[in-house]
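Breakdown of the fold
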Amino acid sequence: MPLAELALENLRCIQRAELVLAPGINLIRGPNASGKTSLLEGIYLLGRGRSFRTRNPERLIRHGEEVLQAMGRTSWPTNQRIRVKMARHQPTSGEIAGVPAGSLAQLAQAFPVQVIEPGIHKLIEEASPRRRRWLDWAVFHVEPNFIDSWQRYARAVRQRNAALRTAPDTARVWDGELVRHGDAITSARLRLLESLKPYWADTVRRLADLPVDLRYAPGWNQDLSLEESLTESWVRDRHRGLSHSGPHRADVQVRIDGHTARDILSRGQQKLVATAMVLAQLKMLGERMALVPTLLLDDPAAELDAEKLARFVEQVKSLHCQLVLTSLNPEEGSFGPPDRTFHVEQRRVQPV
Ligand SMILES: Nc1ncnc2c1ncn2[C@@H]1O[C@H](COP(=O)(O)OP(=O)(O)OP(=O)(O)O)[C@@H](O)[C@H]1O
Ligand SMILES: [Mg+2]
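Residues numbered from 1 in each chain as written. Chains lettered and ligands numbered in written order. Predicted model: local features only at pLDDT ≥ 70, side-chain atom pairs only at ≥ 80, totals over all residues. Heavy atoms only, no water.

Re the side chain of Ser-245
Looking at where Ser-245 falls in the secondary structure, it is placed in the loop between α8 (234-240) and β10 (251-256). Classification of Ser-245 as buried rests on a relative accessible area of 4%. Here the side chain of Ser-245 touches Ser-229 through a polar contact of 2.9 Å, side chain to side chain. Setting aside residues no more than four positions away along its own chain, Ser-245 makes contact with Tyr-153, Leu-178, Gly-219, Trp-220, Leu-226, Ser-229, Leu-230 and Ser-233. (Helix = DSSP H or I, 4+ residues; strand = E, 2+ residues; numbered from the N terminus. Buried < 20%, exposed > 50% of the residue type's maximum accessible area, 1.4 Å probe, protein only. Polar contact = N/O pair within 3.5 Å; in protein donor to acceptor, adjacent residues only side chain to side chain. Contact = heavy atoms within 4.5 Å.)

Here is the structure:
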């Protein structure tokens, strides 16, 4: 589902930009601080409802402005208009084909997009939320019912936590919902990791050549069922006013020879392993679901030596997906000659 058109208003330094994109390779070039990464953030916003650089939507809105808008149109097989709006002190809203999205998660299905950017090593280095998002994004595409379970589960956890703080004696009425949807989420995630296995093994070998395992930790004591674990952690839940057990605390442990990857890998290796996690998903979605997401590459050569970069380029090329890449180098052509080139300078975007 390539993105055919993009229009942005008041996103970081960009007051206004309109781009007609090619389904193949799109290059965005320009000097430092011209707005290249901001353009990628605008594209990402359409499929994710958030940025890959910050959790705080306010940071994306152009200084002195109140509202940011990103608008896009996807092409084949579904020609669909998507709009994402962020206003100060308001929740982000999305609209797909003119209809308000009930949840931002729906954007993922309307426009599948992934990014590989200089901060990608955080997928290895940081705590579990990034890895859960990584996993869930793929599950959303493979299992259509997942969004529903996930939303119901998230609501039940919110209600239970609210009750723990205000009327703890009533909090356990949510346990049934938590267990029903929590078990559905856990099974769906496990199925996904199982089908990812061959793609993961192949990609991480080709890219990083390291024996890295991905293992799902469900978010509670594995010797107990979720139901039993809710009972076990009840005293602690009540004491802290927080639900401690369930798939909202799950992780995908990245391990190498029995060690946690973040403890022993170099920054460059973390970057390669995280990149392999993203590319393995894209390969799997392409082969199993005939789904070809758009891939954003922000400064792809950063921190990779020539040999690793060549491996990376080969893997990316094999995906045959729409690429939008940024570069400081006006002659950038590692992924093949660009079908379309845009030059960004002083916050203006011009096709070349
Ligand atoms: N909310 C905002 N309002 C206005 N300008 C902003 C806002 N947030 C960031 N900027 C500015 O936007 C500019 C462009 O940033 P961006 O990261 O997109 O540049 P870039 O072309 O990717 O640079 P680099 O080559 O260094 O990666 C920066 O000068 C930054 O200070
Ligand atoms: Mg940048």
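Having seen it, we continue.
Details of the packing of aromatic side chains
Using the criterion set out here, one finds 4 aromatic pairs in the structure. When the ring of Tyr-44 is compared with that of Phe-52, the centres are 5.3 Å apart and the planes differ by 90°; the resulting orientation is edge-to-face. Here Tyr-44 matches Phe-52 in class, with each residue buried. On the basis of an interplanar angle of 65° and a centroid distance of 5.4 Å, the ring pair of Phe-140 and Phe-146 is categorised as edge-to-face. Judged on exposure class, the residue Phe-140 and its partner Phe-146 are both buried. Aromatic rings pair up to connect Phe-140, Phe-146 and Trp-150 into one cluster. (Phe/Tyr/Trp six-rings, centres within 6.5 Å; stacked < 30°, edge-to-face > 60°.)

Digging into the sheet that holds strand β1 (residues 3-11)
Pairing is antiparallel across the open sheet formed by 6 strands, whose spatial order is β2-β1-β4-β5-β6-β7. A strand with exactly one partner marks an edge of an open sheet, and here the two such strands are β2 (14-20) and β7 (99-100). In the sheet, β1 pairs with β2 via 6 bridges, with the strands oriented antiparallel. The partner of Leu-6 across the bridge, within β2, is Leu-19. (Pairing = 2+ DSSP bridges.)

Let's talk about the sheet that holds strand β11 (residues 259-260)
The 3 strands lie next to each other as β9-β10-β11, forming an open sheet whose pairing is antiparallel. Either end of the sheet is taken by a strand with one partner, and the two such strands are β9 (212-217) and β11. In this fold helix α4 (residues 129-142) packs onto β9 and β10, with an angle of close to 105° to the strand it touches most, β10. (Axes fitted to C-alpha atoms, helices over the stretch in contact; angles between N-to-C directions.)

Concerning the pairing of β10
Relative to β10, β9 is paired through 6 bridges, and the arrangement is antiparallel. Bridge pairing in β10 links Val-212 to Ile-256. Summarising the sheet, β10 and β11 pair through 2 bridges and their orientation is antiparallel. Within β11, the position partnered with Arg-255 by the bridge is Thr-260.

Quick notes on the packing of helix α6 (residues 175-207) against helix α11 (residues 306-317)
Across the interface, α6 lies against α11 with an axial gap of 9 Å and an inter-helix angle of 145°. Residues Thr-203, Arg-205, Arg-206 and Leu-207 of α6 lie in contact with α11, whose contacting residues are Lys-308, Arg-311, Phe-312, Glu-314 and Gln-315.

A look at the nonpolar core
Within the largest apolar cluster, 70 residues are counted, with the highest numbers of intra-cluster contacts made by Trp-134, Trp-200, Leu-295 and Phe-312. Mapped onto the domain boundaries, this core takes at least three residues apiece from domain 1 (1-112 + 293-352) and domain 2 (124-290). With 36 residues, the next largest nonpolar core counts Leu-8, Cys-13, Ile-82 and Val-324 among its residues. (Core = buried A, V, L, I, M, F, W, Y, C linked by side-chain atoms within 4.5 Å. Domains from an automatic or database assignment.)

Some points on the pattern of salt bridges
Taken as a whole, this structure holds 26 salt bridges when the rule is applied. Here Glu-41 and Arg-53 are joined by a salt bridge, their closest N and O atoms 2.9 Å apart. One end of the pair, Glu-41, is in helix α1 (residues 36-48); the other, Arg-53, is in the loop between α1 and β4 (67-74), and 12 residues separate them in sequence. On the basis of relative accessible area, Glu-41 is assigned to the buried category, the value being 0%. Overall, Arg-53 belongs to the partly exposed group, its relative accessible area being 40%. (Salt bridge = Lys/Arg side-chain N within 4 Å of Asp/Glu carboxyl O.)

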